[in-house]
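# Close look at the chain arrangement
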Amino acid sequence: MSAVVPVRGAERIRRALLGSYPLVYVQSWEEGRVERAIAMLAQKFYERPVPFAVWTCVEGWTGLPEAPTETRDPVAALEAVLRANGPGFFLMKDLPALFDGRADVVRKLRDVYRQAKGKGKFVVLVSPRLILPEDLKKEVFLVDYDLPDEAEVRNAISVLGRRYLGEAGLSPADADRVVTVLRGLTLDELEHVFSKVFARTPRFDEATFDELLAEKEQSSRKEGVLEYVPPRFTLDDVGGLENLKDWLRKRQHLFTREAVEAGLPVPKGLLMMGMSGCGKSLSVKTIPALWNLPLFRLDMNLVFGTANPEATFHRALKTVEGLAPSILWIDEIEMAITGGREAGGGDPALGRIFSTFLTWMQEKEALVFVAATANRIHLLPAEFIRKGRFDQVFFLDLPNETERKAIFTVHLKKAKADLSKFDVVFLAKATKGFNGAEIEAVVQASAIDAFNEKRPLDEDAVSRVITNTVPLSRTMDEQIKAIKSWAHNRALSASRESAS
Ligand SMILES: Nc1ncnc2c1ncn2[C@@H]1O[C@H](COP(=O)(O)OP(=O)(O)O)[C@@H](O)[C@H]1O
Ligand SMILES: [Mg+2]
């Protein structure tokens, strides 16, 4: 059986060292693997081997030349590092777990940062969890060691394909699809997912592909605030919004190697704002299939639920960068800016998260596309919408008549209705003021009625439900006018013609 090995396991750490950050934080469950990688770097990073020492809170330093005998205390341990002569690699295993209540340890680490910089000394912290005090954030370089990059995933998938599907393995096109959906898993998880799906059914088809998706969803849930969103929707699932769809179609190939090598600008992000239930979230969900990139949804509610929202947010951004090229979806981004409160401001952490995000958007080099949506658009500060931040800002209005026709068609098809039995133009005229979600609800309710009455779903059933529905917009007339005038100068209409 061939093994799934990381082709460039230590590469990510090596890159951090090349940036000459003396403090490196490796987040990994596989302490042993990290230790071997650092030991190897101590042998090879410089022209001749340099000392490699390991510290634990139980044994203090092992392998540190001229170390004092008692180095179990973290401050004493770091002082020993500062006194050590010449370059070297110092791996510290339990340190992050000891930060709490030890301001002196944090202070000492900052001293190490300043004094070791440029001297070829590297202190590497390893921990499965990210515990990073505020005061250290600028000094520490974070490495996500467990997450393999695209080449590693590709390699693992080709090995696993041959293992479970026979010598031919996966076809190149199938392998591409699998790589896209499985990126973001560790190598262990990849093996696990493959054995679970293909040991039972040793062939690749739509059914096993769906099982892969389901397994991936299962395992990425533990990531915490990031949720992997599988590519289950296409542009055909969206009725209307033709301007937005054109924009997405035109950028379909910009994340490919050819486009990047040709020097084409890589899209940075898209902001969609407007009425709720008009397809903002739905549109985001179509991008992964169209662009062939993995999509990760950042749940701001979960971020604010953690002990240190800023650190969590920072870590989420880093994780998505590690998975680039990828799409980061921030749904209802006004939450990130105001914490969901109507009157923003007040909480300094919120302001910091927001400015962290703006800076990151500005400076990120990784190929991460940000898809942001906003419902309560009056909560968005002007600097957020300002030109240049996002490539485009779209306003999604209530669907016009043509769009309502298209939305009916989408949902009637999903309900397996016989379209020849419907006058969708009539249905569209009868649903002025309905949003997409309400049209979907109308179709679903009529399908249930028809099923209970043992009749096929027809126009009559749909008309009856329409008559009994009051769309939200009817009671929100004033608010809708306000939203429209606010968006008028700030955003491009997602629809091809203005609403009627
Ligand atoms: N333009 C549309 N075409 C087809 N379905 C739509 C459209 N807009 C909304 N829907 C339906 O309503 C549901 C909710 O829409 P969603 O995208 O979540 O709205 P928003 O994020 O703008 O509040 C979608 O999952 C979809 O089924
Ligand atoms: Mg939404």
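Each chain has its residues counted from 1, following the order in which its sequence is written. To label them, take the chains in the order written and letter them from A, then take the ligands in the order written and number them from 1. Confidence filtering applies because this is a predicted model: local features only for residues at pLDDT of at least 70, side-chain atom pairs given and counted only at 80 or more, and all residues used for totals across whole chains, interfaces and linings. Side-chain metrics in this entry use all non-hydrogen atoms of the structure; hydrogen atoms and water are not considered.

### Re the overall build of the chain
Put simply, the rule reads: Runs of E in the DSSP output that reach at least two residues are strands. Runs of H or I that reach at least four are helices, and both are numbered from the N terminus. Three labels apply to residues, based on accessible area from a 1.4 Å probe with only protein chains included: buried if under 20% of the type maximum, exposed if over 50%, partly exposed otherwise in between. Should any heavy atoms of two residues lie within 4.5 Å, those residues are counted as being in contact. For every accessible area listed, the method is Shrake-Rupley and the probe measures 1.4 Å; residues are considered covered only by the protein chains on display. Positive residues here are Lys and Arg, negative ones are Asp and Glu, while His and the chain termini are left out of the count. Lys charges are placed at NZ, Arg charges at CZ, Asp charges at CG and Glu charges at CD.
Counting its secondary structure elements, the chain contains 22 helices and 13 strands. Overall size of the chain, expressed as C-alpha extent along the three principal axes, is 90 × 60 × 45 Å. Relative to its 500 residues, the chain shows a buried fraction of 51%. Restricting the contact set of the chain to residue pairs at least 6 apart, pairs at least 24 apart contribute 78%. About 23,700 Å² of surface is accessible on the chain, with carbon and sulfur atoms providing 52% of the total. Averaging the coordinates of the 68 positive side-chain charges in the chain and doing the same for the 69 negative ones gives two points 2 Å apart.

### Some words on the nonpolar core
The following threshold applies: For the purposes of this section, nonpolar cores are sets of buried Ala, Val, Leu, Ile, Met, Phe, Trp, Tyr and Cys residues that join through side-chain atoms within 4.5 Å. Residue ranges assigned to the domains are those given by an automatic or database domain assignment.
With 91 residues, the main nonpolar core has Leu271, Leu298, Ile333, Phe357, Leu380 and Phe384 as its most contacted residues. Formed jointly, this core draws a minimum of three residues from each of two domains, domain 2 (153–223) and domain 3 (235–396). For leucine 271, the residues in contact, after removing those within four places along its chain, are Ile333, Ala372, Leu380, Phe384, Ile385, Phe390, Gln392, Val393 and Phe394. Trp55, Tyr113, Leu125 and Val140 belong to the second-largest nonpolar core, a separate cluster that totals 28 residues.

### Some thoughts on the pattern of salt bridges
What counts is decided by this rule: By salt bridge we mean one thing: a side-chain nitrogen of Lys or Arg within 4 Å of a carboxyl oxygen of Asp or Glu.
Using the criterion set out here, one finds 29 salt bridges in the structure. Put simply, aspartate 246 and arginine 249 hold a salt bridge, and the shortest N to O gap is 3.0 Å. Of this pair, aspartate 246 and arginine 249 are both found in helix 9 (residues 242–250), 3 residues apart, which corresponds to roughly one turn of the helix. The exposure class assigned to arginine 249 is partly exposed, which follows from its relative accessible area of 36%. Across the salt bridge formed by glutamate 334 and arginine 376, the nearest N and O atoms sit 3.6 Å from each other. Pair noted here: glutamate 334 is in helix 14 (residues 334–338) and arginine 376 is in the loop between strand 11 (368–374) and helix 16 (382–385), with a separation of 42 residues, a long-range link. Overall, glutamate 334 belongs to the buried group, its relative accessible area being 0%. For arginine 376, a relative accessible area of 27% puts it in the partly exposed group. Beyond isolated ion pairs, a larger network of salt bridges with shared partners links Glu227, Arg297, Asp299 and Asp331.

### Some thoughts on unusual backbone geometry
Even without glycine at this site, leucine 241 takes up a positive phi of about 55 degrees. One can find leucine 241 in the loop between strand 7 (226–229) and helix 9. For asparagine 292, which is not glycine, the phi dihedral falls at a positive 60 degrees. Counting through the fold element by element, asparagine 292 comes out in the loop between helix 11 (280–291) and strand 9 (295–298).

### A closer look at the pairing of strand 5 (residues 121–127)
Operational definition: Two strands qualify as a pair provided that DSSP identifies no fewer than 2 bridges between them. The handedness rule is simple: strands pointing away from the viewer, and a clockwise path from the first strand over the helix to the second, make the crossover right-handed.
Burial of strand 5 is extensive: 7 of the 7 residues sit out of reach of the surface. Taking every second residue as pointing to the same face, both faces of strand 5 are buried, with Lys121, Val123, Leu125 and Ser127 on one and Phe122, Val124 and Val126 on the other. Here strand 1 (residues 23–27) pairs with strand 5 via 5 bridges, running parallel. When the bridges of strand 5 are listed, valine 24 appears paired with valine 124. For strand 4 (residues 88–92) and strand 5, the ladder comprises 5 bridges, and the chain directions are parallel. Note on strand 5: the bridge partner recorded for methionine 92 is leucine 125. Read from strand 4 through helix 4 (residues 103–116) to strand 5, the crossover connection turns out right-handed.

### Notes on the domain arrangement of the chain
The domain boundaries assigned to the chain delineate domain 1 (11–144), domain 2 (153–223), domain 3 (235–396) and domain 4 (401–469). Centre-to-centre, using C-alpha coordinates, domain 1 lies 63 Å away from domain 4.

### Observations concerning the site of ligand 1
Quick reminder of the rule: Consider each residue's heavy atoms; a residue with any of them within 4 Å of a molecule or strand counts as near. As used in this structure description, the phrase polar contact means that two N or O atoms lie within 3.5 Å; if the pair is within protein, one of them must be able to donate a hydrogen and the other to accept it, and residues adjacent in sequence are counted only when both atoms belong to side chains. Just so you know the grouping, Ala, Val, Leu, Ile, Met, Phe, Trp, Tyr, Cys and Pro go in nonpolar, Asp, Glu, Lys and Arg go in charged, and all remaining residues, Gly too, go in polar.
Around ligand 1 sit 16 residues in total, of which Gly239, Gly277, Ser281, Leu282 and Glu440 are the nearest. For ligand 1, an oxygen atom lies 3.2 Å from a polar atom in the backbone of glycine 279. Side-chain polar atom of lysine 280 to an oxygen atom of ligand 1: 2.8 Å apart, as the coordinates give it. Here ligand 1 has 550 Å² of accessible area as a free molecule, and 84% of this is covered by the chains. Elements that contribute at least two residues to the shell around ligand 1 include exactly helix 11, helix 17 (401–414) and helix 19 (436–452). Residues belonging to the shell around ligand 1 are distributed by class as follows: 6 nonpolar, 7 polar and 3 charged. In this structure, the shell around ligand 1 is formed jointly by two domains, domain 3 (235–396) and domain 4 (401–469), each of which donates at least three residues.

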